Amino acid sequence: MNRNPKQIILSWLLHHANREASSHYFYQVKDLILQKHARVIGYEIQFIEGKKCWTCKGTGKYMKYDHYTGWYSEPCWHCYNGWYHRPVWVILQKYQFGKYTFLKPIKSTYEKPETNVPVIKGYIDHEPSKYGEFALFILLLLYEKGFMKRWWRESGWRWYRNWYYPCNWAQSAIHIFKRKQNSIPAQRIKRSLLKLRYRLLPAKSQPEPEELPF
Ligand SMILES: [Zn+2]
């Protein structure tokens, strides 16, 4: 197999990012890379079980009562023929890229496809990877136009309790930079300074109970 370093690195990144990602930004990048570098080696079918409707108990008919005509049924408004979610078959194209395989959904259908292609039941689990976030970042940085702008816009809104982990340093720094004295650590420092001042003040300068405005 022809393996150049770029292919090895890129396929590794895609494999790990695939474990992490679910945004449409990632799927665009994934499609782009697969189309350019990977080759189709077959198909698989994913079957996702449906959910029956509770309102009509899966009959698709809703019983109504009329004083003159008695009981009669109407098609259930909440579902399709008794299915709240219809069972669905998703056709997946299977790619080989480097030493990894990737699946890409290309079509879904409510009819069972007539084929001998292997069927995967349920959702495809991706075991999480500790390199996932890193790989995703690099891929988006390389392939998504305007990623840096979007990343900056979306960064720093939340405060990570585990800010001292290296993987959270960048987000924590942006949080402080963007929110300054309103950032979570600044507010915490302010609160503890206030508490300290209150404790250090001599007791008599604290307001007497009758001086309180309520
Ligand atoms: Zn129903």
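The rules behind each value
Residues numbered from 1 in each chain as written. Predicted model: local features only at pLDDT ≥ 70, side-chain atom pairs only at ≥ 80, totals over all residues. Buried ≥ 20, exposed ≤ 12 C-beta atoms within 10 Å, placed from the backbone. Helix = DSSP H or I, 4+ residues; strand = E, 2+ residues; numbered from the N terminus. Pairing = 2+ DSSP bridges. Axes fitted to C-alpha atoms, helices over the stretch in contact; angles between N-to-C directions. Parallel < 35°, antiparallel > 145°, perpendicular 65-115°, else oblique. Contact = placed C-beta atoms within 7 Å. Nonpolar A, V, L, I, M, F, W, Y, C, P; charged D, E, K, R; others polar.

K.L.:
Mind showing me how you'd approach the pairing of strand β4 (residues 70-75) here?
P.N.:
A regular strand places its side chains so that they alternate between the two faces of the sheet. Along β4, only 0 of the 6 residues are buried, which leaves the element largely exposed. Note that strand β3 (residues 61-66) and β4 share 6 bridges and pair antiparallel. Bridged to Tyr-65 within β4 is Trp-71. The hairpin turn running from β3 into β4, its antiparallel successor, is 3 residues long.

K.L.:
Sorry, what's going on with the packing of helix α2 (residues 24-37) against helix α3 (residues 132-143) here?
P.N.:
The relative placement of two packed helices is expressed as an angle between their axes plus a distance between the axes. For the pair α2 and α3, interaxial distance at closest approach is 10 Å and the crossing angle is 70 degrees. Considered as vectors, α2 and α3 are oriented roughly perpendicular to each other. Contact with α2, carried on its side by Tyr-25, Phe-26, Val-29 and Leu-32, involves Leu-136, Leu-139, Leu-140 and Tyr-143 of α3 and no other residues of that element. Taken together, the residues of the contact of α2 with α3 break down into 8 nonpolar, no polar and no charged.

K.L.:
Sorry if this is basic, but what is going on with unusual backbone geometry here?
P.N.:
Glycine aside, residues mostly have negative phi, and peptide bonds are mostly found in the trans state. One non-glycine residue with positive phi stands out, namely Lys-57, at about 55 degrees. Position of Lys-57 relative to the elements: it lies in the loop between β2 (51-52) and β3. Residue Lys-57 is classed as exposed on the basis of its 12 C-beta neighbours within 10 Å. Even without being glycine, Lys-180 reaches a positive phi, approximately 45 degrees. Its place among the elements puts Lys-180 in the loop between α5 (166-179) and α6 (184-200).

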